[in-house]
Amino acid sequence: NPYDTARAFERYLRSSGEFEYDINVLDVECGDLGVADCFAVSRRGYCEHFATTMVVMLRVQGIPARLVEGWLPASRRDASGEETILRSAAHAWVEVWFPGLG
């Protein structure tokens, strides 16, 4: 089912040992390859690479999915409640639609 497929893809990308989370991929040569293809070849990347690849894998299986980008929560910085969002807090996620699950 779509949920189990998504979980299997997530486990594969997270714990297979075949992919390396690395925020510095400037030395990766991709030529004309797209993000997912380059990541599949180099097996190195950061959240946007992992998430993009998972979205492509899910869509190939006919499972509705999209890439979502935003920021991780920041620490409160002052009494007014104003937060400073750092560039290092940027992150990408996969959003998957599971029809019939609520």
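The rules behind the values
Residues numbered from 1 in each chain as written. Predicted model: local features only at pLDDT ≥ 70, side-chain atom pairs only at ≥ 80, totals over all residues. Heavy atoms only, no water. 1 Å grid on protein atoms, 1.4 Å probe; cavity = no way out; pocket = protein on both sides within 12 Å on 5 of 7 lines; lining within 4 Å. Points joined across faces, edges and corners; volume = space filled by probe spheres on them. Helix = DSSP H or I, 4+ residues; strand = E, 2+ residues; numbered from the N terminus. Nonpolar A, V, L, I, M, F, W, Y, C, P; charged D, E, K, R; others polar. Core = buried A, V, L, I, M, F, W, Y, C linked by side-chain atoms within 4.5 Å. Buried < 20%, exposed > 50% of the residue type's maximum accessible area, 1.4 Å probe, protein only. Contact = heavy atoms within 4.5 Å. Disulfide = S-S within 2.5 Å. Expected span 1.5 Å × (residues − 1). Arc of directions from axis to C-beta. Polar contact = N/O pair within 3.5 Å; in protein donor to acceptor, adjacent residues only side chain to side chain.

**A short note on the layout of surface pockets**
Part 1: Looking at the largest pocket, its volume works out to about 410 Å³.
Part 2: Residue lining of the largest pocket: 17 residues in total, with Glu10, Arg14, Met54, Ala92 and Val94 positioned closest to the centre.
Part 3: Among the elements of the structure, α1 (2-15), α3 (47-60) and β4 (90-96) are those that each provide at least two residues to the lining of the largest pocket.
Part 4: Ranked by residue count, the leading element in the lining of the largest pocket is α1, at six residues.
Part 5: Residue composition of the lining of the largest pocket, grouped by class: 13 nonpolar, one polar and three charged.
Part 6: Empty space within the second largest pocket amounts to approximately 160 Å³.
Part 7: Counting only elements with at least two residues in the lining of the second largest pocket, the list comes to α3 and β4.
Part 8: Partitioning the lining of the second largest pocket into residue classes produces six nonpolar, two polar and two charged.

**A word on the nonpolar core**
Part 1: The biggest cluster of nonpolar side chains holds eleven residues, and these are Ala6, Phe9, Leu13, Phe19, Phe39, Phe50, Met54, Val55, Leu58, Ile63 and Ala65.
Part 2: Taken together, the elements giving at least two residues each to this core come down to α1 and α3.
Part 3: The leading source of residues in this core is α3, at four residues.
Part 4: When neighbours within four sequence positions are excluded, Val55 is seen to be in contact with Ala65, Arg66, Leu67 and Val94.

**Observations regarding the state of the cysteines**
Part 1: Following the criterion strictly, the structure yields one disulfide and no others.
Part 2: The side chain of Cys30 participates in a disulfide bridge whose partner is Cys38; the two sulfur atoms lie 1.7 Å from each other. What sets the handedness of the Cys30 and Cys38 disulfide is the S-S torsion sign, and at about -45° it is left-handed.
Part 3: For Cys30, a relative accessible area of 24% gives the class partly exposed.

**Remarks on α1**
Part 1: With 14 residues, α1 should reach 20 Å at 1.5 Å per residue; the first-to-last C-alpha distance of 20 Å fits that figure.
Part 2: All of the buried residues along α1 are Ala6, Phe9 and Leu13. Angular distribution of buried residues about the axis of α1 spans 65°; they occupy a single face of the element. Turned more than 90 degrees off the buried face of α1, the exposed positions are Arg14 and Ser15.
Part 3: Contacts from the buried residues of α1 go to α2 (35-42) and α3.
Part 4: At the N-terminal end of α1, a side-chain oxygen is found 3.1 Å from the backbone nitrogen of Tyr3, two or three residues along, and the residue is Asn1.
Part 5: Among the residues trailing α1, Gly17 stands out with phi positive, at a value near 80°.

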